[in-house]
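Analysis of the macromolecular model
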Amino acid sequence: MVLPSKMPQLADLDLLLSVESCGSVGKAAQAHSLSQPAASIRISAMERRLGLRLLERSPAGSKLTEDGEMLAKYARNVMQAAQELLEFGCRARSSEAKRLRIAGSPAISEHLIPEWLNRSGFAFGEARVEVQTGSVDALCRLIAANHVDLAFIDGWCQAGGHGRQHRDDLVTRNICEDELAVVVGSRHPWAARSAPLTVPELAAAPLVLRERGSGLREFTDELLGAADASQSYVELPSNAAIKQAVATSRRVTVLNVSTVRAELAEGRLHRVAVDQEMPAKPIFAAWSGRRALPEYAQELVEIAASKGSPVCPIGAAQKSREAGSRTRKRPRKTLAIDVHEAIA
């Protein structure tokens, strides 16, 4: 809709309403911080545009004509609608300021982001927090389209290559590393094992693994390397399914420390020491370099970075196993990956 040139300005309609309530152009001008001549000129200009005589002027003051009263009736509706529009804008800005849109790799969204939010002092009644999840490519698209303020991405989120279209637009910050852990259920003989586990022993055990093509499966296969892996294994599409399968059987799995901390603390799962350092994946925050990071998002990044690497509780038996493994550990193996290359 294109407004016609004769359409009165809101300020002129407001001035007309003030003339109606004050009874004179001079008093209305004072209310609007105008001189009387300036107010008279604006009323006269509106009369010419509309082709109507709006005021009856006299030495005693000014009052609205019949046309002026009709225009004032419409003007009150227009001014009320304008006020409601202004209030809506204020509410929308206030709501946006208290909104935090986050995205993360699946494991991060499930296991780490809730903890970071709780430790950040967020009051959920004060801020609307929305969390999404997806692959590296999906997270980058969300950032580029301004559908999220911030994303947390891990190096194992997605195996294979990624497009480069978002690389130059992203700002990244390293948050921590998430180590792999060998995990068994409480009924498994290895739950009480004192000697460190060897990789060939792990490879020969009945395993529960993530599906082929997942980042975690890729690096589990790398960990097992050239060892003679058992042909007896179960493939499952989620960490939750894997934990359930291991907790109620004598099978073994390899999962990220961040995904099993609660089960380890409760004793439903047990971490088994290995005679070598386990690989670790990087976790980093990413956001658009074209937009300023909102205050809530900045706070969350700082909290996440200050937390450091995810740590699982270690009991006495676990400490004994890890102490015995220190003499045989190889140099720590971390994922050799540049954070930009992970998303480019």
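For the structure given in this document, a descriptive report is provided here. Everything numeric here is computed off the predicted structure, so don't read it as measured data.

Section: the packing of helix H1 (residues 10-22) against helix H3 (residues 36-50)
The axes of two packed helices give the description: the angle between them and the distance between them. Between H1 and H3, whose axes approach to 10 Å, the crossing angle comes to 110°. The pairing of H1 with H3 is recorded here as roughly perpendicular in orientation. Note on packing geometry: the crossing formed by H1 with H3 is left-handed. Contacts between H1 and H3 involve Ala11, Asp12, Leu13, Leu15 and Leu16 on the former and, on the latter, Ala39, Arg42, Ile43, Met46 and Arg49. Class assignment of the residues belonging to the contact of H1 with H3 gives a composition of seven nonpolar, no polar and three charged.

Some thoughts on helix H9 (residues 215-224)
Along H9, seven of the 10 residues are buried, which leaves the element largely enclosed by surrounding structure. Within H9, the full set of buried residues consists of Gly215, Leu216, Arg217, Phe219, Thr220, Leu223 and Leu224. Tucked inside the fold, the buried residues of H9 contact strand E6 (170-185), helix H8 (199-204), strand E7 (207-210), strand E8 (233-236), helix H10 (239-247) and strand E9 (252-256). Positioned one or two residues after H9, glycine 225 has a phi angle of 55°, which is positive.

Observations concerning the packing of aromatic side chains
Working definition: an aromatic ring pair is given by the centre-to-centre distance plus the angle between the planes. For the coordinates displayed, the defined rule picks out one aromatic pair. Pairing tryptophan 116 with phenylalanine 152 gives two aromatic rings, centres 4.8 Å apart and planes at 55°, and the pair type is tilted. Here tryptophan 116 is found in helix H6 (residues 113-119), whereas its partner phenylalanine 152 is found in strand E5 (residues 150-154), with 36 residues between them in sequence. The ring of tyrosine 233 carries the charged tip of arginine 217 above its face, separated from the ring centre by 5.5 Å.

Quick notes on the pattern of salt bridges
As enumerated under the stated definition, the model contains 20 salt bridges in all. The salt bridge partner of arginine 42 is aspartate 12, with a shortest N-O separation of 3.0 Å. Of this pair, arginine 42 sits in helix H3 while aspartate 12 sits in helix H1; the two residues are 30 residues apart in sequence, bridging distant segments of the chain. Judged by relative accessible area, which is 26%, arginine 42 ranks as partly exposed.

Regarding unusual backbone geometry
Within the chain, serine 33 stands out as a residue other than glycine whose phi angle is a positive 60°. Residue serine 33 is classed as exposed on the basis of its relative accessible area of 69%.

The rules behind the values
Residue indices follow the written sequence of each chain, beginning from 1 at its first position. Given that the model is predicted, a residue must reach a pLDDT of at least 70 before its local features are reported, and side-chain atom pairs must reach 80 or more before they are shown or counted; all residues, however, enter totals for whole chains, interfaces and linings. Excluded from the side-chain calculation are hydrogens and water; included are all heavy atoms of the structure. Structural elements are reduced to axes, namely lines fitted to C-alpha atoms, with helices fitted over the stretch in contact, and the angle between N-to-C directions of any two is expressed from 0 to 180 degrees. Labels follow the DSSP assignment, with helices taken as runs of H or I lasting at least four residues and strands as runs of E lasting at least two, numbered in each case from the N terminus. Roughly parallel means an angle under 35 degrees; roughly antiparallel means over 145; roughly perpendicular covers 65 to 115; every other angle is labelled oblique. Helix crossings fall into two classes, left-handed where the near helix is turned counterclockwise from the far one by less than a right angle and right-handed where it is turned clockwise. Residue contacts are counted whenever heavy atoms from the two residues lie within 4.5 Å of one another. As a working rule, the residues Ala, Val, Leu, Ile, Met, Phe, Trp, Tyr, Cys and Pro are called nonpolar, Asp, Glu, Lys and Arg charged, and the rest polar, with Gly in that last group. For each residue, the accessible area found with a 1.4 Å probe, counting protein chains only, is set against the maximum for its type, and the residue is called buried under 20%, exposed over 50%, and partly exposed in between. Note on ring pairs: Phe, Tyr and Trp rings are taken, using the six-membered ring of Trp, and paired if centres are within 6.5 Å. Classes follow the plane angle, with under 30 degrees stacked, over 60 edge-to-face and the rest tilted. Sitting over a ring, as applied to charges here, requires NZ of Lys or CZ of Arg to be within 6 Å of the ring centre and within 35 degrees of the ring normal. Salt bridge, as applied in this entry: a Lys or Arg side-chain nitrogen positioned within 4 Å of an Asp or Glu carboxyl oxygen.

Purely geometric stuff here, so don't read any function into it on its own.
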